[in-house]
Amino acid sequence: MPRSEDEVGQKIDRCFADSLLKLTGGVAIGIVASVAFFKSRSWPIWFGSGVGLGTGWSNCRHDFAQPFVLHGKKVPAGQDSQGKPAYNIVVEKQ
Amino acid sequence: MADKPIVNSIAEKGDQVTNALTQFWQLVTSKPATRSGVESRNLTINELPLYAEDNSPIAQKFLPEEPLPLQREFATIRIACQQEYARVAERFKIVDTAVSHTKNTAIRANEYLTEEWTALPKAAAITVGGMAGFVLGLKRGTVGRAFTTSIGLATMAAFCYPIETVDVLKTGAAHAEQTWNSFQESPPTANKSKPNLSPPK
């Protein structure tokens, strides 16, 4: 049974990692758009970074608003009695 | 058909306004429990949702997802920061107190702003009142401008938060009364003779 502090901490980590990913993606798209379409103006970069930050923030809000979501992966575990593939759920751990 | 004398209609209008003001004052000064009109219903202990086994099990939702890149690094940084903070907080209690107070205040403010939808319109109305006061006091110099601005802000705040205004007024009145009473009960100052500070002759 994980402690609630650890669960919140894991969500915070996911938030930071996700926001950084989105921010980097937004800045990258902004740089490309700025060079390719907007005569190297700087506003597409700011716009992209804003979009990235906003997306990360929104994802964080949704993640914190849903306490009963498990993040993890499915591991194939043979077949069940009807011949369908069975999976074990392995919850993400720190 | 003769019209009513104008004095009578003025008196009627005056009564109506007085009634409305009285009703407003009663609504504002009444207790919140009686104002809402919701009757409380007493529950027996058995009816209280105390026991977890009575609740329906919470459905967990599963998201197949690998850990994001850099998530473990963020976890390492977070755990290190937590340990360092625990060391500092153990050494300096005041830091921990200040941080927890700030955190609680921020959480309460966030909850209030999220759940109480009237907060932002009220803030906007109070701002508009302050701006109106500022515009009215433009030709009055710095002090006059500050005065009219604060009057505008206070008026709109009193309209937006009538219950709190009444509370503040009541508290102010109670303090004034207390000060006045203690002033009345204070003993008269003894007529002290002034010390003789002149040099000896």
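What counts as what
Residues numbered from 1 in each chain as written. Chains lettered and ligands numbered in written order. Predicted model: local features only at pLDDT ≥ 70, side-chain atom pairs only at ≥ 80, totals over all residues. Heavy atoms only, no water. Helix = DSSP H or I, 4+ residues; strand = E, 2+ residues; numbered from the N terminus. Buried < 20%, exposed > 50% of the residue type's maximum accessible area, 1.4 Å probe, protein only. Contact = heavy atoms within 4.5 Å. Pairing = 2+ DSSP bridges. Axes fitted to C-alpha atoms, helices over the stretch in contact; angles between N-to-C directions. Buried area = accessible area lost by both parts, 1.4 Å probe. Salt bridge = Lys/Arg side-chain N within 4 Å of Asp/Glu carboxyl O. Polar contact = N/O pair within 3.5 Å; in protein donor to acceptor, adjacent residues only side chain to side chain. Nonpolar A, V, L, I, M, F, W, Y, C, P; charged D, E, K, R; others polar. UniProt positions renumbered as here; feature names shortened; annotations may be inferred. Parallel < 35°, antiparallel > 145°, perpendicular 65-115°, else oblique. Left-handed = near helix turned anticlockwise from the far one by under 90°. Phe/Tyr/Trp six-rings, centres within 6.5 Å; stacked < 30°, edge-to-face > 60°. Lys NZ or Arg CZ within 6 Å of the ring centre and 35° of its normal. Disulfide = S-S within 2.5 Å. pLDDT = per-residue confidence, 0-100.

As a further point, take the environment of A:Ser40. Residue and element names in this part refer to chain A. Structurally, the position occupied by Ser40 is in the loop between α1 (4-37) and α2 (43-65). Judged by relative accessible area, which is 55%, Ser40 ranks as exposed. Contacts of Ser40, omitting those with residues within four sequence positions, involve Ser34 and Val35.

A word on the sheet that holds strand β1 (residues 69-79) of chain A. As summarised here, the arrangement of the 3 strands in space is β2(A)-β1(A)-β1(B), forming an open sheet in which the pairing is mixed. Of all the strands in the sheet, just β2 (85-91) of chain A together with β1 (61-64) of chain B have a single pairing partner and so form its edges. Strand-to-strand twist across the sheet, computed as the mean angle between neighbouring axes with direction ignored, equals 55 degrees. Examined bridge by bridge, β1(A) and β2(A) share 6 bridges and lie antiparallel to one another. Bridging across to β2(A), A:Gly72 finds its partner in A:Val91.

Interface size is commonly expressed as the accessible area that is lost once the parts come together. Contact with chain B, which involves 19 residues of that partner, is made by 21 residues of chain A. Counting the surface lost from both chain B and chain A, the interface buries some 1900 Å², and carbon and sulfur atoms represent 62% of this. The interface formed by chain B and chain A contains 1 salt bridge. Across the contact surface, chain B and chain A share 6 residue pairs in polar contact (both at pLDDT 80 or more). Those elements that place two or more of their residues in the side of chain B that touches chain A are β1 and α3 (71-91) of chain B. When grouped by side-chain class, the residues that make up the side of chain B that touches chain A number 12 nonpolar, 2 polar and 5 charged. Bridge analysis of β1(A) against β1(B) gives 4 bridges, and the strand direction is parallel. When the sheet's bridge partners are listed, A:Gly72 is paired in β1(B) with B:Pro64.

With that settled, consider the UniProt feature "transmembrane region" (unreviewed entry) in chain A. With numbering matched to this structure, UniProt assigns "transmembrane region" (unreviewed entry) to residues 20-38 of chain A. The annotated region residues 20-38 of chain A carries 95% helix and 0% strand content, and the separation between its end C-alpha atoms amounts to 25 Å.

What follows is about the packing of α1(A) against α2(A). All names here are of chain A. One can describe the packing of α1 onto α2 by two numbers: an axis separation of 7 Å at closest approach and a directional angle of 160 degrees. On the basis of the axis angle, α1 is roughly antiparallel to α2. Handedness of the α1/α2 crossing: right-handed.

The next subject is unusual backbone geometry. Located in the positive-phi region is A:Lys39, a residue other than glycine, with phi close to 50 degrees. Among the residues examined, A:Lys39 registers a relative accessible area of 72% and is labelled exposed. Phi at B:Leu70 is positive, roughly 75 degrees, even though this residue is not glycine.

Under the counting rule described, the total for this entry stands at 4 aromatic pairs over all chains. Between A:Phe37 and A:Phe38, the aromatic rings sit 6.5 Å apart at their centres with planes inclined by 75 degrees, giving edge-to-face as the arrangement. Taking relative accessible area as the criterion, A:Phe37 reaches 65% and is therefore assigned exposed. Residue A:Phe38 is classed as partly exposed on the basis of its relative accessible area of 32%. An aromatic cluster is defined as three or more aromatic residues linked by ring pairs; in this entry it consists of A:Phe37, A:Phe38 and A:Trp43. Positioned above the aromatic ring of A:Tyr87 is the side chain of A:Lys74, whose terminal nitrogen or guanidinium carbon lies 5.6 Å from the ring centre. Stacked on the ring of B:Phe92, the Lys or Arg B:Arg91 has its end atom at 4.8 Å from the ring centre.

Quick look at the state of the cysteines now. All names here are of chain A. The full count for this structure, using the stated rule, is 1 disulfide over all chains. Paired by a disulfide, Cys15 and Cys60 hold their sulfur atoms 2.1 Å apart. Residue Cys15 is found in helix α1, and its partner Cys60 is found in helix α2; the two are separated by 45 residues along the sequence. Take Cys15 and Cys60: they sit in the same class, and that class is buried.

Detailed reading of the predicted coordinates is not advisable wherever pLDDT falls low. With 90% of its residues at a pLDDT of 70 or more, chain B shows a mean pLDDT of 85. In the model output, the complex is listed with pTM 0.53 alongside ipTM 0.76.

Okay, the environment of B:Tyr112 next. Turning to its location among the elements, B:Tyr112 is positioned in helix α4 (residues 93-115). Those residues in contact with B:Tyr112 that sit more than four places away from it in its chain are B:Ala119 and B:Tyr161.

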